[in-house]
Amino acid sequence: MPNSVLFSLRTTIYLVHMPLFFGIAGFLYQKYDKRRKNDKWGYVLDKVCLYFVPYLFFSFVIYFISFIGGQIEATKSLFEKVGLIFPGLGIAVKQILTYQGHLDSHLWFAPVMLIIVLLATAADRYFTLTAQTIVSFLVYFVAGIYVSQAGISEVIWKVGIYYIFFCVGRGIVSINRENRKALSLFGLVICVTIRLCCFESSLSIGAYLIELFIGVLSLVCLLDLSQGISDNVLGKGLAYIGRNSYIIYLIHQPYIVIGVEKVLQIIDAPVLCCIILATILGVGLPLFVNEKIISQNRILKFFVLGVR
């Protein structure tokens with residue numbers, strides 16, 4: 001498969017997958033709001049445990065691995081090559097608490113999601129969803145184009161980028177099924193057309209507008225599609241993966257996908273084989289580990305998944 005095709009595929013996935021995560025989170029936040037309204041502080045505590053405890057646990061794991069690997073002569077050069085260099089205890093604590101220079105580049109989602117949920121819970125007391133959406137639309141461009149260039153914490157500017165998708169996901173709850181279906185069909189055509197014809201990855205208002213447009217319409221398409229297949233085998237399989245998507249997110253990187261990729265590169269396997277195998281194991285192994293080990297132990301469930 002040509003590198004240009006792989007790059008285009010990767011760019012398309014990254015245009016869609018994170019907006020979808022935050023949009024679906026917003027959809028569920030709005031649709032299942034009884035606990036939040038009846039026990040706000042209990043809800044907040046649950047979310048702090050859900051996002052912050054696994055973040056701390058997996059941060060500890062990656063820094064502990066980097067420390068041990070750096071002490072063993074046989075693995076020291078390999079760890080240095082992949083950037084797993086233990087920075088010292090004081091710097092490690094600072095990196096974990098601020099997410100500046102963190103060794104695990106994929107863990108940003110947990111603190112960002114926590115801040116967005118807490119921000120939305122607090123904002124709902126004073127502002128309507130419409131007002132929050134308008135403000136988040138403006139913040140989206142400021143965060144994406146200017147703040148990301150100003151050395152601001154990655155967590156802070158990603159809150160600015162993804163809050164709009166969270167708000168849109170909440171708003172979709174009020175759209176009836178017929179209108180959602182029409183919008184999703186229109187959106188699918190527009191998304192594909194824009195992606196094939198005119199998207200250029202650059203820090204410009206036009207590029208961010210296109211990313212916003214594709215992310216929002218992809219969210220509508222997915223939510224409509226999920227309702228249409230919810231009762232068949234495919235729908236039930238996807239629902240199972242969806243219910244366990246958090247453990248997949250937490251474990252697949254850097255422990256499975258990157259490891260599989262490195263091994264296959266050593267044996268000079270085709271790129272497409274690397275992608276397929278890494279995807280299968282990146283989803284399957286976390287599901288297996290969760291089913292057979294984590295879900296069977298209350299302490300593990302708390303530290304790994306943040307479930308009280």
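Refer to the preceding data block for the structure.
So, here's what we can say about the structure. Here the structure is a predicted model, which is why all the values come from computation and not from measurement.

## As for the overall build of the protein
Scanning the protein from terminus to terminus reveals 14 helices and zero strands. Considering only contacts in the protein between residues 6 or more positions apart, those separated by 24 or more positions represent 77%. Accessible area of the protein: about 17500 Å², with a carbon and sulfur share of 69%.

## Things to note about the pattern of salt bridges
Pairs can form between side chains of opposite charge once their charged atoms are near each other. Counting across every chain of the model gives six salt bridges. Between D124 and R170 there is a salt bridge, with the nearest N and O atoms lying 3.1 Å from each other. A residue pair is termed long-range when its members are at least 10 positions apart, and D124 in the loop between α6 (109-123) and α7 (129-146) and R170 in helix α8 (residues 154-172) qualify at 46 residues. Under the relative-accessibility criterion, D124 is labelled partly exposed at 28%. Judged by its relative accessible area of 4%, R170 is buried.

## What to know about the packing of aromatic side chains
One pass over the full model with this rule turns up 21 aromatic pairs. With a centroid separation of 6.5 Å and an interplanar angle of 40°, the aromatic rings of F57 and F303 are classed as tilted. Remark: F303 occurs in helix α14 (residues 298-305) and F57 occurs in helix α3 (residues 40-71); sequence separation between them is 246 residues. Taking relative accessible area as the criterion, F57 reaches 26% and is therefore assigned partly exposed. Measuring from centroid to centroid gives 5.7 Å for W108 and Y162, while their planes differ by 15°, and the two rings are stacked. Of this pair, W108 sits in the loop between α5 (89-98) and α6 while Y162 sits in helix α8; the two residues are 54 residues apart in sequence, bridging distant segments of the chain.

## So, the layout of surface pockets
When its volume is computed, the second largest pocket comes out at roughly 230 Å³. The class makeup of the residues in the lining of the second largest pocket is eight nonpolar, three polar and no charged.

## Some details on the packing of α3 against α14
Between α3 and α14, whose axes approach to 6 Å, the crossing angle comes to 90°. For the element pair α3 / α14, the angle class is roughly perpendicular. Mapping the contact onto sequence places C49, L50, V53, P54, F57 and F58 in α3 and F302, F303, V304 and L305 in α14. Broken down by class, the residue content of the contact of α3 with α14 amounts to ten nonpolar, no polar and no charged.

## Description of α6
Compared with an ideal rise of 1.5 Å per residue, which puts 15 residues at 21 Å, α6 spans 21 Å between its outermost C-alpha atoms and is within 8% of the ideal. Burial analysis of α6 places eleven of its 15 residues in the buried class, which makes it a mostly covered element. Among the residues making up α6, those that are buried are F109, A110, P111, V112, M113, L114, I116, V117, A120, T121 and A123.

## Thoughts on the packing of α3 against helix α4 (residues 73-81)
Between α3 and α4, the shortest axis-to-axis distance is 6 Å and the interhelical angle comes to 125°. On the basis of their axis angle, the class for α3 and α4 is oblique. Across the interface between the two elements, I65, S66, G69, G70 and Q71 from α3 touch E73, T75, K76 and F79 from α4.

## A look at the side chain of S59
Looking at where S59 falls in the secondary structure, it is placed in helix α3. We classify S59 as buried; its relative accessible area is 0%. A distance of 2.7 Å separates a polar side-chain atom of S59 from the backbone oxygen of Y55. Within polar-contact distance, the side chain of S59 engages the side chain of H102 at 2.8 Å.

## Digging into the nonpolar core
Formed by 59 residues in total, the largest nonpolar core has its most connected members in F22, W108, M113, I116, Y162 and F166. The dominant element in this core, judged by the number of residues it contributes, is α8, at twelve residues. Once residues lying within four places of it in the same chain are set aside, the contact partners of F22 are W108, F109, V112, M113, I116, Y162, F165 and F166.

Reading guide: rules and limits
Residues numbered from 1 in each chain as written. Predicted model: local features only at pLDDT ≥ 70, side-chain atom pairs only at ≥ 80, totals over all residues. Heavy atoms only, no water. Helix = DSSP H or I, 4+ residues; strand = E, 2+ residues; numbered from the N terminus. Contact = heavy atoms within 4.5 Å. Areas by Shrake-Rupley, 256 points an atom, 1.4 Å probe, with all protein chains shown as cover. Salt bridge = Lys/Arg side-chain N within 4 Å of Asp/Glu carboxyl O. Buried < 20%, exposed > 50% of the residue type's maximum accessible area, 1.4 Å probe, protein only. Phe/Tyr/Trp six-rings, centres within 6.5 Å; stacked < 30°, edge-to-face > 60°. 1 Å grid on protein atoms, 1.4 Å probe; cavity = no way out; pocket = protein on both sides within 12 Å on 5 of 7 lines; lining within 4 Å. Points joined across faces, edges and corners; volume = space filled by probe spheres on them. Nonpolar A, V, L, I, M, F, W, Y, C, P; charged D, E, K, R; others polar. Axes fitted to C-alpha atoms, helices over the stretch in contact; angles between N-to-C directions. Parallel < 35°, antiparallel > 145°, perpendicular 65-115°, else oblique. Expected span 1.5 Å × (residues − 1). Polar contact = N/O pair within 3.5 Å; in protein donor to acceptor, adjacent residues only side chain to side chain. Core = buried A, V, L, I, M, F, W, Y, C linked by side-chain atoms within 4.5 Å.

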